[in-house]
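# Fold and geometry: a report
Single-letter residue listing:
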Amino acid sequence: MKTTTSPYNAALTGGGFLFDETNILLPLLMSDDRNKLLKAEALDNNLLHINAETSRKRIISEISRRFDSVSKAFWSDYLAMSDEEKQVALLFVILKTYKIAFDFHINVVIRKWNSISRAVTLEDLMMEFSEIASRDEFVDSWTELTKRKVASAYLTILRKVNLLNQDGELNPIKSANFKYYILKGESWFLEACLLQPYEIENIKRSIR
């Protein structure tokens, strides 16, 4: 079986934002009996209420992947956040989990935000895909349909956190516990939320 050392995967298409589902599964993921409880949920459907077992298993797998991409302490902090803060926190987790989403964000979204247009389209992401595929053989092997599904899933996530409006225009996230990310050594995330440099500096100054 051929293996790949590529840091990329197409798993972002496996469920989307999954905010409610993440909150539902979090107690199971944080339990010492995690594996047993998740297997039971995949079979019994007591919490997720998703009819197809294959869909449940895929969603459980993706949420588990996201859970493992940050520390367990982060999820303890997450539980104490407001719903609005949790949505922003889930964007943070997604960017940490999926390199393709991170590259889209840094190379397309932030670049667009700092330009005149301040709009992001599917075609902008497909152009970034071409750049990635030119240096990554695994991504280059993906079908056009797979690439478009990944790009579409990412755009849906941006809309869920109101970074992108229905007209495809970018908006900064204004309501979040930004100090938390600075104190955790993740100040890059403030730029990812499209804050201006002076806003980031003011937040940093407020916690010195």
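Tallying secondary structure elements over the protein chain gives twelve helices and zero strands in all. Taking 17 Å as the expected radius of gyration for a compact globule of 208 residues, we find that the protein chain reaches 18 Å, a close match to that expectation. When its C-alpha atoms are laid out on the principal axes, the protein chain stretches across 50 × 45 × 35 Å. Taken over 208 residues, the protein chain has a buried fraction of 47%. In the protein chain, once contacts between residues fewer than 6 apart in sequence are set aside, the share between residues at least 24 apart is 65%. Surface accessibility of the protein chain: about 11000 Å² in total, with carbon and sulfur atoms responsible for 50%. Taking the average location of the 28 positive side-chain charges in the protein chain and that of its 28 negative ones, the two points are 2 Å from each other.

Turning our eyes to something else, we now look at helix H1 (residues 19–29). Turning to H1, its buried residues are Phe 19, Thr 22, Leu 25, Leu 26, Leu 28 and Leu 29. Axial view of H1: buried residues confined to an arc of 160°, hence all on one face. Exposed and facing more than 90 degrees away from the buried side of H1 are Asp 20 and Pro 27.

Using the criterion set out here, one finds eleven salt bridges in the structure. One salt bridge connects Lys 99 with Asp 103, and the closest N-O pair in it is separated by 3.2 Å. With Lys 99 and Asp 103 both in helix H6 (residues 99–113) and four residues apart, this pair spans about one turn of that helix. For Asp 103, a relative accessible area of 7% puts it in the buried group. The salt bridge involving Lys 174 is made with Glu 199; its shortest N-O contact spans 2.6 Å.

Calculation rules
- Residues numbered from 1 in each chain as written.
- Predicted model: local features only at pLDDT ≥ 70, side-chain atom pairs only at ≥ 80, totals over all residues.
- Heavy atoms only, no water.
- Helix = DSSP H or I, 4+ residues; strand = E, 2+ residues; numbered from the N terminus.
- Rg over C-alpha atoms; globule rule 2.2 N^0.38 Å.
- Buried < 20%, exposed > 50% of the residue type's maximum accessible area, 1.4 Å probe, protein only.
- Contact = heavy atoms within 4.5 Å.
- Areas by Shrake-Rupley, 256 points an atom, 1.4 Å probe, with all protein chains shown as cover.
- Lys, Arg positive; Asp, Glu negative; His and termini not counted.
- Charge placed at Lys NZ, Arg CZ, Asp CG, Glu CD.
- Arc of directions from axis to C-beta.
- Salt bridge = Lys/Arg side-chain N within 4 Å of Asp/Glu carboxyl O.

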